[in-house]
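Residue-level structural notes
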Amino acid sequence: MSDHHLAGDHHSSAASTATTALGTLLLLPSELLHEILIRLALPELLRVRSVARPLSHLISSPDFRRFYHLSSVSSGPAPAAAWLLVFKKLPPRGAALRGFHGPSGRWFRIPVSDIISPAVPPGEDLYFLAASGSSFLFAANGRRELVVVDLSAQSARRLPPSPLGPRGTSSWRRFGLKLVADPPGSSQFRFLFAEMVNNTPVLFEYQSDTDAWQSSEAVLANGPAAPAGPDGDGTYLCAAHAGPDCVMVYSGPGVDRPVFFRPGFPHNPNAGGHGDRLHVYGDGSAVVVRSTVIDEPSRTRVKLVAGVDLYGLGPEVGGDWQLVSTVPGELIEGFRKPYAVMTGLLAEREGVLRLVLISNCRGAWDLVWLSYDRARGEWRWVPVPDWGGAKGLNMAGIAVSSTFSRLWPPAPTICR
């Protein structure tokens, strides 16, 4: 499947044709016109704005932007407000960032490569770490530094080294970092990561408004005592993990300084005692992917997903994992395929958890996207089509952004 530009180039002929075709549409009541436009994916909305001048003022108005954001957030457990972002290396020295929009079922090209090129030397080995709002964070392996792209401002800049000094791409662990647009909807951000330093968990935080780092040594939590912040205001990061053993760091309301603890998993009678286990951590939750091994003499050793269990930490900081839900078996049958290796990504925003499982079998990559709505207790599987590059895909980073749909570039065209 081919992908689409995030926003189209402006052509006078296209604008003229669009204006003529929209003549009847513009006669509709504003309420009905709003209902039609909010059903478009953000890239489609920006394309309409760039080629249809009569609608440009409406789409750019603060009232419509607010209406569109609220509609995206309240659209249910389907990941309407979330995007699956994949960074792919291209031969000989190119790269491309693609974004998958679940409701439209399509991939879109996000033009960060041209924006980031002035900030990094030619041939630099980049790895995509995280995204939030209009900010996209990359690690440069050659220069061993961080580079942030502001898609809204179409600019890129290098971040100062962290207190740990220059770091290569292999030093960054997905479960131990988080990028947050702060305040929401702005181009300012905070980047946090937790790391074990001299066998002690330390929380590092970069703030874009001050262009400076801060570090805080975490202290051991004295059991499940302090309540976590309401509505997920606090931040959980995994400072270290080895299978079911992990060191969690919490920072936020309820504690004066970062605390750490080692939560244990309860016995799950439905999990069985054998088979392969993959543990995925993110935003104060954990997913255990249970797989069975298939040994065939004529084939490479492969596995099949047998079950997926979701665990949470409860309302108090310092407790053990608690079983929250298990993905229904009939849902697993829909995406179950043989795989040789697998990794995962877990993120939560506004009561919806999003799990992405990335697997490879004989050089072919497969992406599975699941969402779980806490309020409804409902799982959904969002099929992710291939954009034509899964075979031999040189993946260099993946992320889920729940705030990307809030991005609103100031210019009519953001992709040339």
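Residues numbered from 1 in each chain as written. Predicted model: local features only at pLDDT ≥ 70, side-chain atom pairs only at ≥ 80, totals over all residues. Heavy atoms only, no water.

Going by what an unreviewed UniProt entry lists, the protein chain is known as F-box domain-containing protein and is assigned to Triticum aestivum.

1. Thoughts on helix α4 (residues 53-60)
Within α4 the residues assigned to the buried category are Leu55, Leu58 and Ile59. Down the axis of α4, the sector holding all buried residues measures 95°, keeping them to one side. Every exposed residue of α4 that faces more than 90 degrees away from the buried side is listed here: Arg53 and His57. (Buried < 20%, exposed > 50% of the residue type's maximum accessible area, 1.4 Å probe, protein only. Helix = DSSP H or I, 4+ residues; strand = E, 2+ residues; numbered from the N terminus. Arc of directions from axis to C-beta.)

2. What to know about the environment of Ala140
Looking at the element boundaries, Ala140 is found in strand β6 (residues 135-140). C-alpha of Ala140 to C-alpha of Tyr127: the two residues are 13 residues apart in sequence and 6.5 Å apart in space. Setting aside its immediate chain neighbours within four residues, Ala140 contacts Glu124, Asp125, Leu126, Glu145, Arg167 and Thr169. (Contact = heavy atoms within 4.5 Å.)

3. A short note on the pairing of strand β8 (residues 155-158)
Note on strand geometry: in a regular strand, side chains alternate between the two faces of the sheet. Bridging between strand β7 (residues 145-150) and β8 involves 4 bridges; their strand directions are antiparallel. The residue bridging Val149 from the neighbouring strand is Ala156, located in β8. (Pairing = 2+ DSSP bridges.)

4. Concerning the pattern of salt bridges
Counting across every chain of the model gives 14 salt bridges. With its nearest N and O atoms 3.3 Å apart, the salt bridge here joins Arg158 to Glu145. Taken together, the residues span a long stretch of sequence, with Arg158 in strand β8 and Glu145 in strand β7 at a distance of 13 residues. The class of Glu145 is buried, set by a relative accessible area of 16%. Arg167 is the partner of Glu195 in a salt bridge, and the nearest nitrogen-oxygen pair spans 3.0 Å. Here the residue Glu195 occupies a position in strand β10 (residues 189-197), and Arg167 occupies one in the loop between β8 and β9 (177-181), the gap between them amounting to 28 residues. Both residues of the pair, Glu195 and Arg167, belong to the buried class. (Salt bridge = Lys/Arg side-chain N within 4 Å of Asp/Glu carboxyl O.)

5. A closer look at the packing of aromatic side chains
Think of a pair of aromatic rings as described by two things: how far the centres are apart, and how the planes are tilted against each other in angle. The tally for this structure, following the rule as stated, stands at 23 aromatic pairs. For the pair Tyr281 and Trp321, a centre-to-centre distance of 6.0 Å together with 35° between the ring planes defines the contact as tilted. Of the two residues, Tyr281 is situated in strand β17 (residues 276-282) and Trp321 in the loop between β19 (302-312) and β20 (322-326); the sequence distance between them amounts to 40 residues. Here the aromatic residues Trp172, Phe189, Phe191, Phe193, Phe204, Tyr206 and Trp213 are joined through ring pairs into a cluster of three or more. Over the face of the ring belonging to Trp172 we find Arg167, whose NZ or CZ atom lies 4.5 Å from the ring centre. (Phe/Tyr/Trp six-rings, centres within 6.5 Å; stacked < 30°, edge-to-face > 60°. Lys NZ or Arg CZ within 6 Å of the ring centre and 35° of its normal.)

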